[in-house]
Amino acid sequence: MTVHSLYIVNKAGGLIYQKDFSAAAPKLELNDHLRLGSTFHGLHAITSSLSPCGPSSGIKVLETDTLILECFQTPTGIKFFATAPKGTTNLAEKLKGVYDRYADFVLKNPFYELEQPIRCELFDQALSAWLVERSAPPVRLSPMRTAPGAVPWTLGPQDAEHGAMLCVSWHGRTGCSPTPRNALQM
Amino acid sequence: MSSSAKLGEHVFSQVEKINSELFTLTYGAIVMQMLRDYEDVNEVNRQLDRMGYNIGVRLIDEFLARSGVGRCHDLKDTAELISKVGFKLFLGITCTVANWSADEKNFSLLLDENPLAEFVELPTTPVVSGSAPPSKALLYSNVLCGVLRGALEMVQLSVECKFVKDVLRGDDTTEIRVEFKEYLADEVPVGDE
């Protein structure tokens with residue numbers, strides 16, 4: 001499942017990076033994002049003192065009815081946190097991957113100053129590749145017994161819905177090309 | 001093999017590698033140019049340490065990301081990780097931790113091999129007449145001291161590092177002395193034990 005948004009907060013609590021990766025992420029102004037980043041930094045600090053059972057780290061996972069938020073704090077004080085749809089299981093692993101890419105593309109960029117907002121194109125590209133789920137590749141299907149004049153066809157993601165209807169009609173008829181009008185609804 | 005040595009081998013196998021000779025010769029060219037530019041060997045030593053510091057403050061995050069280690073419990077853990085995982089990850093070598101002080105605050109790192117100093121001979125003639133020659137006064141691999149200092153500062157350990165022995169200057173081994181100064185408690189990220 002695709003991550004909704006990623007936030008990176010520096011040691012002082014200032015937001016240094018924010019990106020939305022799915023259309024479901026709320027469209028907020030930059031100031032709102034800054035506020036969210038600092039608020040989360042504060043909450044993260046407070047929760048470590050609130051823990052009823054011994055020394056505790058700050059917020060690691062926050063679950064609501066519609067989303068989960070996971071936070072990863074490095075020993076150097078940077079927080080990576082991301083929101084994702086409920087049911088996402090690999091968010092922690094994704095955040096570790098973001099940390100790897102931060103080390104590779106941000107820290108190795110000689111023009112990047114530590115603790116400042118991140119403006120590194122390679123980092124953006126690497127994150128898109130890592131965090132955005134690619135849609136499934138096209139599935140090739142052909143009928144088991146090919147009737148004379150029949151044409152094998154492929155099912156692509158954009159016509160998956162259409163293709164499913166075509167599939168049903170193809171099995172129902174031989175020698176005719178399937179039409180949506182004749183398709184049986186799945 | 002201890003667990004940190006195993007971790008070191010493992011992360012080393014995962015990471016992309018470059019030609020070590022390219023690395024050695026590039027570093028040598030940098031030091032040579034600095035000697036020409038600054039002319040004063042002590043200034044070159046200082047600048048190498050400063051360069052190392054700037055590298056170290058960024059290197060630490062890559063180290064933490066690749067090795068996945070958390071906080072160390074004490075300085076002995078830190079020394080173990082530096083020598084078996086840190087050096088392995090970035091230089092492909094491991095070094096030995098030795099000469100612990102009585103209060104366990106200072107230790108030495110003994111390097112059997114130093115990739116930065118392969119094929120290097122330090123000139124015996126002074127750069128500027130009257131000053132000490134590089135073969136006596138230049139801390140060729142001083143960038144390593146800076147890296148250690150910078151990296152440890154980012155995890156709230158203030159240390160001082162210096163070369164006490166260097167094969168390039170005629171000693172039998174290469175030894176870096178690491179002295180723990182203080183724990184920067186006010187900079188610990190909240191929520192870290």
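This one's a predicted model, so the numbers in the text were calculated from it and none came from an experiment. (Residues numbered from 1 in each chain as written. Chains lettered and ligands numbered in written order. Predicted model: local features only at pLDDT ≥ 70, side-chain atom pairs only at ≥ 80, totals over all residues. Heavy atoms only, no water.)

## Details of the packing of helix H2 (residues 91-106) of chain A against helix H3 (residues 41-67) of chain B
Put simply, the rule reads: To get an axis, a line is fitted to the C-alpha atoms, and for a helix only the part in contact is used. The angle between two axes follows their N-to-C directions and goes from 0 to 180 degrees. In this text, helices come from DSSP runs of H or I with a minimum length of four residues, and strands from runs of E with a minimum of two, each type numbered from the N-terminal end. For any pair of crossing helices, the crossing counts as left-handed if the nearer helix is rotated counterclockwise from the farther one by less than a right angle, and right-handed if it is rotated clockwise. By the convention used here, residues are in contact when the closest approach between their heavy atoms is within 4.5 Å. Under the grouping applied here, Gly and all other residues not named as nonpolar or charged are polar, the nonpolar ones being Ala, Val, Leu, Ile, Met, Phe, Trp, Tyr, Cys and Pro and the charged ones Asp, Glu, Lys and Arg.
As a packed pair, H2 of chain A and H3 of chain B sit with axes 9 Å apart at the nearest point and diverge in direction by 150°. In this structure, the crossing between H2 of chain A and H3 of chain B has a hand that is left-handed. Where H2 of chain A approaches H3 of chain B, its residues Tyr99, Asp100, Tyr102, Ala103, Asp104 and Val106 of chain A are matched on the opposing element by Arg58, Asp61, Glu62, Leu64, Ala65 and Arg66 of chain B. Among the residues making up the contact of H2 of chain A with H3 of chain B, the classes are represented as six nonpolar, no polar and six charged.

## Considering the packing of aromatic side chains
Threshold: Only Phe, Tyr and Trp rings take part, Trp by its six-membered ring, and two of them pair if their centres are within 6.5 Å. Stacked means planes under 30 degrees apart, edge-to-face means over 60, and tilted covers everything else. Burial status follows relative accessibility: with a 1.4 Å probe on protein chains alone, a residue under 20% of its type maximum counts as buried, one over 50% as exposed, and anything between as partly exposed. Whether a charge sits over a ring comes down to the Lys NZ or Arg CZ being within 6 Å of the ring centre and within 35 degrees of the ring normal.
Across all of its chains, the model carries nine aromatic pairs over all chains by this definition. Ring plane angle 55° and centroid distance 5.4 Å describe the contact between Phe80 of chain A and Tyr99 of chain A, whose orientation is recorded as tilted. Here the residue Phe80 of chain A occupies a position in strand E5 (residues 79-85), and Tyr99 of chain A occupies one in helix H2, the gap between them amounting to 19 residues. Taken individually, Phe80 of chain A and Tyr99 of chain A each receive the classification buried, so the pair is uniform in this respect. Chaining the aromatic ring pairs together yields one cluster made of Phe72, Phe80, Tyr99 and Tyr102 of chain A. Over the ring of Trp130 of chain A we find Arg101 of chain A, and its NZ or CZ is 4.2 Å from the ring centre. Of note, Lys76 of chain B hangs over the ring of Trp100 of chain B, and the distance from its end group to the ring centre comes to 4.6 Å.

## Here we look at H3 of chain B
Residue and element names in this part refer to chain B. Short version of the rule: Expected helix span is taken as 1.5 Å per residue step, with the number of steps being one fewer than the number of residues. Each residue is assigned a bend, namely the angle between axes fitted to the seven residues that terminate at it and the seven residues that start at it. In protein, a polar contact means a hydrogen-donor-capable atom and an acceptor-capable atom, both N or O and within 3.5 Å, with residues adjacent in sequence counting only if both atoms are side-chain atoms; elsewhere, any N or O pair within 3.5 Å suffices.
Taking 1.5 Å of rise per residue, the 27 residues of H3 would be expected to cover 39 Å, and the 36 Å separating its terminal C-alpha atoms lies within 8% of that figure. At Arg58, H3 is deflected by roughly 35°, the largest bend along its length. Two to three positions downstream of the cap, the backbone nitrogen of Asn42 sits 3.2 Å from a side-chain oxygen, assigning the N-cap of H3 to Asp40.

## Focus on the confidence of the model for chain B
Keep this limit in mind: Every residue is assigned a pLDDT by the predictor, reflecting its confidence on a scale from 0 to 100.
With 98% of its residues at a pLDDT of 70 or more, chain B has an overall mean of 91. By mean pLDDT, helix H5 (residues 134-137) of chain B is the weakest element of chain B at 86, and helix H6 (residues 142-154) of chain B is the strongest at 96.

## Brief notes about the sheet that holds strand E4 (residues 174-183) of chain B
Whether parallel or antiparallel, the strands of a sheet pair through hydrogen bonds between backbone atoms. Residues and elements named next belong to chain B. The following threshold applies: Here, a strand pair is defined by DSSP locating no fewer than two bridges between the strands.
What the four strands build is an open sheet, ordered E1-E2-E4-E3; its pairing is antiparallel. Strands at the two margins of the open sheet, each flanked by one partner only, are strand E1 (96-98) and strand E3 (157-165). Pairwise comparison of adjacent strand axes, ignoring direction, gives a mean angle of 30° for this sheet. The pairing of strand E2 (residues 106-111) with E4 spans six bridges and is antiparallel. Of the residues in E4, the one forming a bridge with Ser108 is Arg177. Packing of helix H4 (residues 75-91) onto the sheet brings it into contact with E1, E2, E3 and E4, and relative to E2 it is tilted by some 15°. Sheet contacts for H6: E2, E3 and E4; angle to E3, the most-contacted strand, approximately 165°.

## Observations concerning helix H1 (residues 3-14) of chain B
Residue and element names in this part refer to chain B. This is how the line gets drawn: By definition, the arc is the one covered by directions from the helix axis to the C-beta atoms.
For H1, built from twelve residues, the straight-helix expectation of 16 Å at 1.5 Å per residue is met to within 8% by its first-to-last C-alpha distance of 17 Å. When we look at burial in H1, the residues that qualify are Ser4, Ala5, Gly8 and Val11. Across the axial projection of H1, the buried residues extend over an arc of 130°, all falling on one side. Exposed side of H1, more than 90 degrees from the buried face: Ser3, Lys6 and Gln14 are the residues found there.

## A few points about the nonpolar core
Heads up, the rule is: Think of a nonpolar core as a cluster: buried Ala, Val, Leu, Ile, Met, Phe, Trp, Tyr and Cys residues, connected wherever their side-chain atoms sit within 4.5 Å.
If you look at the biggest cluster of nonpolar residues, it comprises 78 residues, and the most contacted ones within it are Leu6, Tyr102, Ile118 and Phe123 of chain A together with Leu109 and Ile176 of chain B. Those residues in contact with Leu109 of chain B that sit more than four places away from it in its chain are Ile82, Ser83, Phe87, Cys95, Thr96, Val97, Leu148, Thr174, Glu175, Ile176 and Val178 of chain B. By size, the runner-up hydrophobic cluster in this structure holds eight residues, among which are Tyr7, Leu15, Leu69 and Phe81 of chain A.

## Here we look at the pattern of salt bridges
As a reminder of what qualifies: The term salt bridge refers to a side-chain nitrogen of Lys or Arg lying within 4 Å of a carboxyl oxygen of Asp or Glu.
A complete count under the given rule lists 13 salt bridges over all chains for this structure. Ionic pairing is found between Lys86 of chain A and Glu63 of chain A, a salt bridge with its closest N-O pair at 3.1 Å. With Lys86 of chain A in the loop between E5 and H2 and Glu63 of chain A in strand E3 (residues 61-63), the pair connects residues that are 23 residues apart, well separated along the chain. Assessed through its relative accessible area of 38%, Lys86 of chain A is described here as partly exposed. The exposure class of Glu63 of chain A is exposed, given its relative accessible area of 56%. Between Glu62 of chain B and Lys108 of chain A there is a salt bridge; the shortest N-O distance is 2.9 Å. Here Glu62 of chain B, found in helix H3, pairs with Lys108 of chain A, found in the loop between H2 and helix H3 (121-131), and the two come from separate chains. When its relative accessible area of 8% is taken as the criterion, Glu62 of chain B is described as buried.

## Here's the deal with the sheet that holds E3 of chain A
Residues and elements named next belong to chain A. Judged by pairing direction, the sheet is antiparallel, and its five strands sit side by side in the order E2-E1-E5-E4-E3 without closing on themselves. A strand with exactly one partner marks an edge of an open sheet, and here the two such strands are strand E2 (15-20) and E3. Between one strand and the next, the sheet's axes are offset by a mean angle of 10°, whatever the strand orientation. Bridging between strand E1 (residues 5-9) and E2 involves five bridges; their strand directions are antiparallel. From the neighbouring strand, Ile8 faces E2, where its bridge partner is Tyr17. Sheet strands touched by helix H1 (residues 30-50): E1, E2, strand E4 (67-73) and E5. Its angle to E5, the strand with the most contacts, is close to 110°.

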